[in-house]
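So you can see what is in the structure, the chains are spelled out below.
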Amino acid sequence: MARFQVRLALQPGVDRAVVLQAVKEVTAHCAETGEHPRTAFGDPDACAVQAAARLVPADRAARTRRHGAVVDGLDSVLKRVGDVAGL
């Protein structure tokens, strides 16, 4: 369950509410059926990706991806500037 939570939290657009909702769903299902989470839902990484796709609005996920790309680009530029400046 911990791996599922961490992997889910790393998905674009996922916030605390999404993680809590997904954990609640998994926990409720397992409590009702008696199944182990891995038996019921499979690989935690794949399940986290699927849960994010289902629970996060597409526009929010896309906005988060774009923001991440901009931040990564700025980090790269700042590193190059630091290298040139000898910092």
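Every value quoted in this text rests on a predicted model; they were computed, and no experiment measured them.

The next thing to look at is the pattern of salt bridges. Per the counting criterion, the structure on display carries 2 salt bridges. Here aspartate 45 and arginine 3 are joined by a salt bridge, their closest N and O atoms 2.4 Å apart. Note that aspartate 45 is positioned in helix H4 (residues 44-55) and arginine 3 in helix H1 (residues 2-9), a separation of 42 residues in sequence. Ionic pairing is found between glutamate 25 and arginine 54, a salt bridge with its closest N-O pair at 2.8 Å. One end of the pair, glutamate 25, is in helix H2 (residues 16-33); the other, arginine 54, is in helix H4, with 29 residues separating them in the sequence. Residue class for glutamate 25 comes out partly exposed when judged on its relative accessible area of 27%.

Time to look at the side chain of glutamine 11. Take glutamine 11: it is sitting in the loop between H1 and H2. Classification of glutamine 11 as buried rests on a relative accessible area of 13%. One polar contact links the side chain of glutamine 11 to the main-chain carbonyl oxygen of arginine 7, over a distance of 3.3 Å. Other than its neighbours up to four places away in sequence, glutamine 11 contacts Ala48, Val49 and Ala52.

Definitions and cut-offs
Residues numbered from 1 in each chain as written. Predicted model: local features only at pLDDT ≥ 70, side-chain atom pairs only at ≥ 80, totals over all residues. Heavy atoms only, no water. Salt bridge = Lys/Arg side-chain N within 4 Å of Asp/Glu carboxyl O. Helix = DSSP H or I, 4+ residues; strand = E, 2+ residues; numbered from the N terminus. Buried < 20%, exposed > 50% of the residue type's maximum accessible area, 1.4 Å probe, protein only. Polar contact = N/O pair within 3.5 Å; in protein donor to acceptor, adjacent residues only side chain to side chain. Contact = heavy atoms within 4.5 Å.

So far we have only geometry, and geometry alone does not tell us how the molecule works.
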